Amino acid sequence: MAEIESLKQENRVFNPPAEFVANAAISGMDAYRALCDEAERDYEGFWSRMARENLAWHKPFTQALDESEAPFYKWFADGELNVSYNCLDRNLENGNADKTAIIFEADGGEVTRLTYRELHAKVCQFANGLKSLGIKKGDRVVIYMPMSVEGVVAMQACARIGATHSVVFGGFSAKSLQERIIDAGAVAVITADEQVRGGKHLPLKAIVDEAIAMGGCEAVKNVVIYQRTGGNINRVEGRDLLMQDVTANQPQTCEPEWVSAEHPLFILYTSGSTGKPKGVQHSSGGYLLWAMLTMKWTFDIKPQDVFWCTADIGWVTGHTYITYGPLAVGATEIIFEGVPTFPNAGRFWDMIARHKATIFYTAPTAIRSLIKASDADANVHPSKYDLSSLRLLGSVGEPINPEAWMWYYRNIGREHCPVVDTFWQTETGGHMITPLPGATPMVPGSCTLPLPGITTAIVDETGNDLPNGQGGILVVKRPWPSMIRTIWNDPERFKKSYFPEELGGKTYLAGDGAVRGKDNGYFTITGRIDDVLNVSGHRMGTMEIESALVANPLVAEAAVVGKPDETTGESICAFVVLKQARPTGEDAKRIAKELRDWVGKEIGPIAKPKELRFGDNLPKTRSGKIMRRLLRVLAKGEEITQDVSTLENPAILDQLKQAQ
């Protein structure tokens, strides 16, 4: 991409600070290569060593990898452990009992701190309460909760008794919730009266009632309600119970249920599909191992760190890097209920300063929106806050464009914090390709190199390797411990979606396009395969065009989709949010031409958007994810019939119907 190439030509390759290289978990590129070489020489031996050194086993495993039913791979299958024990009990035994585990900040600013001892007691009491309701090993429990200590407690309590949890993001509609309850066969739902975000009280229990009333949820015997605000709630006699009543008088200890490493820890449904929800199933042992290793390798976690991942527990990032990973390595972490713009757009920076966060992990969408906010109001610019506690920054959720990377590096990290641009997916369980803060030289916009033991490659449609510099399809050629095990109740869809016969049936299809640098072999994600546009025979990633647009000084955010075109096969439609007010009339036409010419200069004339549409914002979920599937519908001029209940800003769709 032209922008990244220009950064390289200006020597915009950023080496890790000397203190990281000296003290990092993986210290320097030689250490990184040594681990990669070990995995290459003895793949199973490498993973066996990692599992034995990092996890506490109730019954040791005798075989690392079982490939007999590929692609339904099994890891450490004859070993037994408990995920909650590994996250909590170990910290009572290793000197961390009175260390702060969680710093929780509510939307309104109230702060609660829990030690590992206190968190362990809460989890055990709730686990005992769930058992008293007859919930047992192998049962599925849906969790529909706000960001809260109680949400983490609910997940950990399920893990403790061997129940498989399925967390549904608190912004999903009743219909979406109903579909997930039915598919999982849930015997119970854990929810709250409401959640509070940006000063707004949003119902949860009422949505659960609506979902169950739709029918098909007969397996649900109990609904357990956390009273977040004490609001009035409907109570169904014989089914609904308050969380405090379920835990009342329960012992503060609970013997963990020892399960096979392959026991399903959770099912997480991927959103965005118009068809049946896709339940990604993860195991216990392999998943937790990778959560721990990536905490150590990617985040270089130290005992004194204060780690903050801003994701919601309703997404996989909140599972791996809030509920499980940080606790499994004995970290202190921040959990935040609210949004980054309430009561003003300096909320993140204020919290970092007050809680002395050392590691900050957030999404490019949040970064770009805060760039716009700080440009509009100098009072919330990061320079107004003491961010000196930070030593490491992370990016997650989508590729970060170089412009946002540079702003993040300069304004938040003050040019001394490495930025780990992490590529991974719900299905991978944890990071796959990312810079290592004590080893990898960083290039803005590139997720750089795969982690040790991860065999990523770029291939064509028939599975043939492509040379560096040539874009293609991202795959993983060997199984790894935290990989998706199946799609719940749909093994054929699992094989077709992730291990297609076209690639041999044993190669994992990530669903993303990517390219590797000719010189350094660094990976750059170009967008989803279905977001790789073919304009007059030229293949280009939507991410490439989006990055070019956002590099323009006028642009705050951009999203690019393809639109059928009689002449070129596909044309480019760009949805753009400017740093200034949304233009109209002749102003809009003038700026649209300026941006088209800019993209033509950055990438080439073939990349010029045929249409540009301006909005005050882009359609986003309440977690900040851009809903590109809705933009594709708008680009085609079709009516939106899909569920838009998860949108933060549904009114924005009308703005974006007009083309320039």
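Residues numbered from 1 in each chain as written. Predicted model: local features only at pLDDT ≥ 70, side-chain atom pairs only at ≥ 80, totals over all residues. Heavy atoms only, no water.

1. Regarding the UniProt feature "binding site: CoA" (unreviewed entry) in the chain
In this structure's numbering, the residues bearing the UniProt feature "binding site: CoA" (unreviewed entry) are R197, G198, G199, K200, T317 and S536. Look at G198 and you get partly exposed, because its relative accessible area is 22%. Residues contacting G198, with those up to four places away along its chain left out, are D107, V339 and F342. (UniProt positions renumbered as here; feature names shortened; annotations may be inferred. Buried < 20%, exposed > 50% of the residue type's maximum accessible area, 1.4 Å probe, protein only. Contact = heavy atoms within 4.5 Å.)

2. Focus on helix α11 (residues 285–297)
Between the first and last C-alpha of α11 there are 18 Å, a value that for 13 residues agrees with the 18 Å anticipated at 1.5 Å per step. Within the span of α11, buried status applies to G285, G286, Y287, L288, L289, W290, A291, M292, L293, T294, M295 and W297. (Helix = DSSP H or I, 4+ residues; strand = E, 2+ residues; numbered from the N terminus. Expected span 1.5 Å × (residues − 1).)

3. Examining the sheet that holds strand β28 (residues 555–565)
The strand order across the open sheet built from three strands is β28-β29-β30, with neighbouring strands paired in mixed fashion. Of all the strands in the sheet, just β28 and β30 (611–614) have a single pairing partner and so form its edges. Averaged over all pairs of adjacent strands, the angle between their axes in this sheet comes to 25 degrees, without regard to strand direction. As judged from the four bridges shared by strand β29 (residues 569–578) and β30, these two strands associate in the parallel manner. Bridge pairing in β30 places C573 opposite E611. Sheet strands touched by helix α18 (residues 585–602): β28, β29 and β30. Its angle to β30, the strand with the most contacts, is close to 125 degrees. (Pairing = 2+ DSSP bridges. Axes fitted to C-alpha atoms, helices over the stretch in contact; angles between N-to-C directions.)

4. Notes on the pairing of strand β15 (residues 278–282)
Burial analysis of β15 places five of its five residues in the buried class, the great majority of the element. Across five bridges, strand β14 (residues 266–270) lies against β15 in antiparallel orientation. Looking at β15, one finds that L268 is bridged to V280. One ladder, built from two bridges, connects β15 with strand β23 (residues 486–487); its direction is antiparallel. By the bridge assignment for β23, Q281 is matched with T486.

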